[in-house]
Structure formats: structure tokens, C-alpha cells
Amino acid sequence: MINVALPKGRLGEKVYELLAEAGYKCEEYTKDSRKLIFCDERGEVSYFWVKPSDVAVYVELGAADVGVVGKDVLDEYEPDVYELADLGMGKCAMCVAAKSDWTDDTSVPLRVATKFTNTAEKYFADMGRDVEIIKLNGSIELAPVLGISDVIVDIVETGTTLKENNLRVFKRISEISARFIANKSSYKFKTDEIKKITEKLIKAVEK
Amino acid sequence: MAVIIDKDENQILGNLAAIYKSRGYRRYKLGCFEEYSLYQENKDFLIGKNVITFSDLGGRLMAMRPDVTLSVIRHNEVPENGLEKFFYNEKVYRQSAGSNEFKEINQTGVEAIGAVDEAAIAEITALICETLSQISSDYILDVSHMGFTEGLFDEFSCERQTLSTLLKKKSLHDFYRFAEKNNLSDELVNAFCVTVNACGKADNALKEAKKAVLNDKMSAALSELERLQVRMNKFGYGDKININFSSVNNADYYNGIIYNGFVSGIPRFVLSGGRYDKLLSKLNKRGGAVGFALYLGEIERYFKRDDALVDCLIIYDETTQDEALELADKTVKAGNSVRIAKSMPTELKYSRLVNLCKEVKQ
């Protein structure tokens with residue numbers, strides 16, 4: 001049996017639909033159910049619904065053999081997993097954004113507000129820029145508006161929130177999309193099953 | 001969590017020591033501390049980068065040992081001919097996976113130092129299989145070769161680090177983007193893809209890997225793996241060997257075969273090792289070395305738990321104290337464990353209860 005960790009929300013539902021079409025359907029699954037684990041009757045697959053940022057943890061610790069997670073989460077937490085496919089869904093970008101009229105004063109450390117502290121630290125360390133990281137858990141766009149940071153590092157999908165708060169993107173750090181990942185130990189013991197589900201999922205995505 | 005190891009840690013360590021001794025490996029005992037400079041200069045060889053340090057009475061900066069191999073190499077003469085063969089069972093101190101705390105971890109392992117030849121590699125590989133089989137019969141030994149992957153990277157004129165990361169993650173989708181950006185030839189793209197996909201049972205994977213060979217270095221590495229597989233088939237371990245070139249270690253230290261041992265039901269590798277002649281050069285020593293370590297910290301939660309802490313629990317009151325003592329004595333002499341108590345202990349598991357008072361106090 002393959003255990004699949006899916007992110008709660010639209011992306012997870014979409015991936016489930018693709019897997020169901022590819023033959024990994026779970027009869028007891030319904031969109032409105034509050035159940036967190038579903039198994040199919042043939043015992044070939046089971047699905048866990050978890051918080052998107054926790055999918056990599058479940059896979060790395062072997063509770064799930066495979067899972068679907070954003071590249072942003074993989075870059076931030078660097079879990080020791082195989083990254084088997086880019087599903088091309090949930091596309092967005094990790095960006096540096098600031099107030100539209102911002103200019104960088106390189107004589108002082110740059111104040112950076114973000115949820116993705118590792119990603120931000122690595123990016124600015126590569127640039128050799130001295131920074132002060134301010135860890136926030138939400139409404140990151142507010143930080144430069146209220147003056148607690150100079151820039152933010154955050155995911156930008158359409159840019160509407162930035163625009164409405166008089167912010168704009170200054171640099172795209174990396175492109176983000178959903179990735180299909182596997183636990184390294186599971187990959188050894190369930191090689192054929194994991195290769196099969198990966199291939200079927202890739203085919204379903206390409207349709 | 002299901003129990004999957006039907007022995008306890010001491011049984012496994014005892015069995016392993018007997019196995020290693022039977023092959024002529026000597027027990028090697030280390031002190032607890034080592035000069036910090038040894039780890040500072042070889043940080044990339046360590047699994048975790050953090051080390052517990054302190055100043056000794058003479059003002060030297062010392063460390064609680066996070067690794068055994070570095071100490072074994074540092075403190076031993078490397079024979080020009082023949083091999084020194086050691087095994088150890090030591091505690092190491094390093095950051096535990098997924099937390100910010102240091103942990104004391106039991107580690108057992110084997111090192112062969114000196115004139116390493118293919119017989120030594122085959123012996124170590126067989127010892128690894130015997131080691132893993134002590135934990136579970138359902139194990140897989142992932143084998144790779146730095147000569148194969150380094151030989152592949154030699155053909156690319158672009159960054160080695162990126163290629164190594166993509167290979168480790170088996171991330172072909174990101175490799176295709178990288179290939180496009182760097183205008184890589186079809187031959188190189190194909191060789192990289194074959195290297196990622198040539199994984200699984202050794203006999204098939206080695207055949208598949210031939211399609212990726214681009215130079216003598218890759219060819220020599222593959223031939224070495226093929227000869228090793230022939231020997232492992234003879235020893236009866238052939239079907240336990242997996243080829244997986246995504247197991248890439250630091251090329252500054254490792255130069256040949258690479259090992260990673262997995263046990264079904266345990267999410268991370270429980271054993272790792274390989275050939276590390278380059279570490280010897282870094283420590284100004286000549287010769288070769290090959291070895292492995294079993295990380296007991298990774299498997300401790302999977303050991304069989306003894307549910308019954310005592311065989312017999314005797315509850316007594318003021319009038320039955322002597323009777324309880326007498327019965328306890330008889331029970332111990334009969335080879336069973338016993339606990340006497342005036343009231344029912346909480347959270348004590350027992351196989352048999354003897355109640356010597358009329359009313360059991362809860």
C-alpha cells in the first residue's frame with residue numbers, strides 16, 4: 001500500500017482528482033468530509049490530509065511514502081527526501097518586495113520581514129548583504145507599510161495584494177510549483193509502486 | 001508504532017562484536033574527548049556541523065566526540081602493507097535529527113585502514129549485510145561509487161554542486177531546466193538521466209548504468225561494482241544490494257564505494273559508510289580506508305519493548321510482611337523478578353499478581 005500525504009486545500013483536492021483518474025481512487029473520499037485519513041477498498045492507497053507546510057515532515061518521517069508539497073517549503077526546510085516530479089500546479093514565485101519608492105541604503109543592514117527565514121538568509125548571504133531577519137507568520141505585506149522592515153521575502157502569485165498595499169516586486173528569487181516527493185527509505189522498499197504512481201501522476205498532469 | 005526489531009540493543013551489540021571479532025577485527029576503545037581542531041578542520045566529514053566544546057584544564061579547546069572515524073584515523077599508524085582492522089562501540093554527541101538539542105547516541109562500526117583492496121571491500125560489504133540482518137531480515141544496502149558520479153560530473157563544464165544536489169534529490173525536472181539554461185548536449189542529458197534512474201536491484205541497475213558511461217573513470221567504477229556484485233551473489237547477499245547513484249558523499253573525503261543501509265519501516269538510513277582515502281590524505285597519512293557505522297540512535301525506538309517490568313507483583317499489608325518477604329525470596333530463587341509493595345504501584349506492568357492483603361489499596 002502507498003501512503004500519500006496531500007496538502008489540505010485546493011491544490012490537494014486537484015492532485016487527488018488526478019490520482020483518482022490515474023487509478024488511485026478512494027471510494028470513501030468526499031470533498032466535504034472532515035476525515036483526515038482515507039483508504040481505498042483494495043488496500044492499494046491511503047491518503048492523509050495535512051497542513052501544506054507539514055507534508056514534507058510526514059514524508060521525511062515515513063508516515064507517508066509520498067506527498068505533494070510546494071517548492072517553497074522544500075527550499076525552506078530542506079527535508080531529506082527525493083523530489084520525483086514537478087506537477088506544474090500552484091505556480092507562484094518567491095520574491096523580494098518593498099514599497100514602490102524604496103531604494104536600498106547599503107550603509108545599514110537591510111531589515112527583511114518574512115515567514116521564510118532560511119530562504120531569505122541564504123539569498124542575502126549569497127549576495128553578501130548584511131540583513132536583520134524579522135520572522136512573521138502572516139500579513140507580511142504590512143511590515144514595510146508600517147516601517148518595521150525595508151523589504152519582505154514572500155510568495156507572490158498575482159501581485160494584487162502587493163499592489164493594493166503600494167508595494168512591488170524588486171527581485172524574483174525562485175519559481176515555485178507543487179512537487180511530488182518520496183521518503184528515501186520507502187523508495188527502496190516500494191520502488192516499483194512509487195515509480196508507477198509517479199509515472200501515472202506525471203501523465204495525468206500532462207493531459 | 002509497530003515493534004519491528006525482536007532483539008534488544010545489548011543483544012545486537014553483543015552479536016555484532018562476535019561477528020566482527022570472528023573476522024579478525026580488534027575492539028578499539030576511545031577516550032570521550034578530542035581536540036576541537038580535528039572537527040573544525042574536517043567539518044564537512046561530520047553528519048552534523050555542531051559540536052559540544054569546552055576548555056580543558058590546560059586551556060585547550062576540546063570537544064565531546066561527534067564522530068569516531070576521525071579519531072581512529074588520527075590516532076593510528078596506517079600500515080603500508082596489509083590492513084589494520086578495528087571495530088568500536090562508542091557514544092557520540094551530536095545534534096539529533098529534527099531538533100535543536102544535542103543527543104548522546106550509541107554508534108558501532110568497523111574501519112579497515114591500510115592497503116585497501118577489493119577483498120577488503122567485499123569483506124566490509126558482507127559485514128554490512130550481516131550487521132543489517134541482525135536488525136531485520138528485511139533490509140536493503142544502497143551502494144554507489146564516487147568514481148562513477150565524479151566521472152560523470154567531470155564531463156560537465158558547469159557547477160558540480162548543483163549537479164550533485166539534483167542527483168541526490170533525483171530531481172530530473174529541475175535538471176532539464178538546468179540543461180536548457182546551460183545548453184547541455186543530448187549525450188550529457190541522457191547520461192545524467194540514466195544515472196538517476198539506474199537504481200534498484202544491483203544486477204539490473206548495473207546493466208542499465210552502462211548506458212551512462214562516458215569515460216574511463218566511470219567505466220572503472222562500474223567494473224568494480226560489477227565484481228563486487230559477483231562476490232556478493234556468491235556470499236548470498238546479492239539480492240540485498242541496491243544500486244543508487246543518488247547516494248553522493250562529499251568528494252573531498254570519499255573516493256570509492258559508498259554505502260547506505262535501510263531497514264523496512266525505518267524512515268532514514270540506519271547505516272552509512274564507504275571508502276575514504278582522501279580523509280587520510282587530509283590528515284597527512286598515506287594509504288586507504290574503508291568502513292561503516294551503524295547508528296543505534298536511529299533504531300532505538302524500534303526495539304522490542306518488555307511490557308512486564310516484573311514477573312511477579314506481591315501486595316502485602318502489616319500482617320503479611322514476613323509472608324511477602326518469604327514469597328519474594330522464593331520467586332527470585334526460582335529465576336523470576338519480583339516487586340513487593342504495600343499498595344498497587346501506578347504504571348508498573350507485571351505478569352502475575354499475588355495479593356496478600358484482604359483489601360488492595362489503590
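Calculation notes
Residues numbered from 1 in each chain as written. Chains lettered and ligands numbered in written order. Predicted model: local features only at pLDDT ≥ 70, side-chain atom pairs only at ≥ 80, totals over all residues. Heavy atoms only, no water. Contact = heavy atoms within 4.5 Å. Buried area = accessible area lost by both parts, 1.4 Å probe. Salt bridge = Lys/Arg side-chain N within 4 Å of Asp/Glu carboxyl O. Polar contact = N/O pair within 3.5 Å; in protein donor to acceptor, adjacent residues only side chain to side chain. Helix = DSSP H or I, 4+ residues; strand = E, 2+ residues; numbered from the N terminus. Nonpolar A, V, L, I, M, F, W, Y, C, P; charged D, E, K, R; others polar. Core = buried A, V, L, I, M, F, W, Y, C linked by side-chain atoms within 4.5 Å. Buried < 20%, exposed > 50% of the residue type's maximum accessible area, 1.4 Å probe, protein only.

Participant: Just checking my understanding: could you explain the interface of chain A and chain B for this structure?
Facilitator: Interfaces are often described in size by the accessible area the parts lose on coming together. Chain A puts 18 residues into the contact, and the matching count from chain B is 22 residues. Carbon and sulfur atoms supply 52% of the area buried between chain A and chain B, which totals about 1,600 Å² over both sides. Counting the surface chain A buries against chain B, the share from its top three residues, E83, K188 and F189 of chain A, is 37%. The interface formed by chain A and chain B contains 5 salt bridges. With a shortest N-O distance of 3.0 Å, R179 of chain A and D174 of chain B are connected by a salt bridge. One can count 10 residue pairs in polar contact (both at pLDDT 80 or more) joining chain A with chain B. The set of elements that each furnish at least two residues to the side of chain A that touches chain B consists of β5 (81–86), β11 (178–183) and α7 (184–189) of chain A. Among the elements that line the side of chain A that touches chain B, the one with the most residues is β5 of chain A, at 6 residues. Here the side of chain A that touches chain B is composed, by residue class, of 7 nonpolar, 3 polar and 8 charged.

Participant: So what exactly am I meant to see when it comes to the nonpolar core here?
Facilitator: In terms of nonpolar packing, the biggest core is built from 105 residues, with Y20, I124, F156, F175, L184, F192 and Y259 of chain B touching the most fellow members. The greatest single-element share of this core, amounting to 10 residues, is contributed by helix α4 (residues 118–135) of chain B. Setting aside its immediate chain neighbours within four residues, L184 of chain B contacts F156, C158, F175, F178, A179 and V189 of chain B. Ranked by size, the runner-up nonpolar core spans 32 residues in total, among them V4, L6 and L201 of chain A together with C199 of chain B.

Participant: Looking at this model, I keep getting lost on the pattern of salt bridges. Mind explaining?
Facilitator: Tallied over the entire structure, the rule returns 36 salt bridges over all chains. Residues E150 of chain B and R160 of chain B are paired through a salt bridge, measuring 2.4 Å at the closest nitrogen-oxygen approach. Of this pair, E150 of chain B sits in helix α5 (residues 146–154) while R160 of chain B sits in helix α6 (residues 160–169); the two residues are 10 residues apart in sequence, bridging distant segments of the chain. Classification of E150 of chain B by relative accessible area gives buried; the value is 13%. By sharing partners, the salt bridges in this structure join K71, D75, E83, D86 and R179 of chain A together with K169, D174 and R177 of chain B into a single network.

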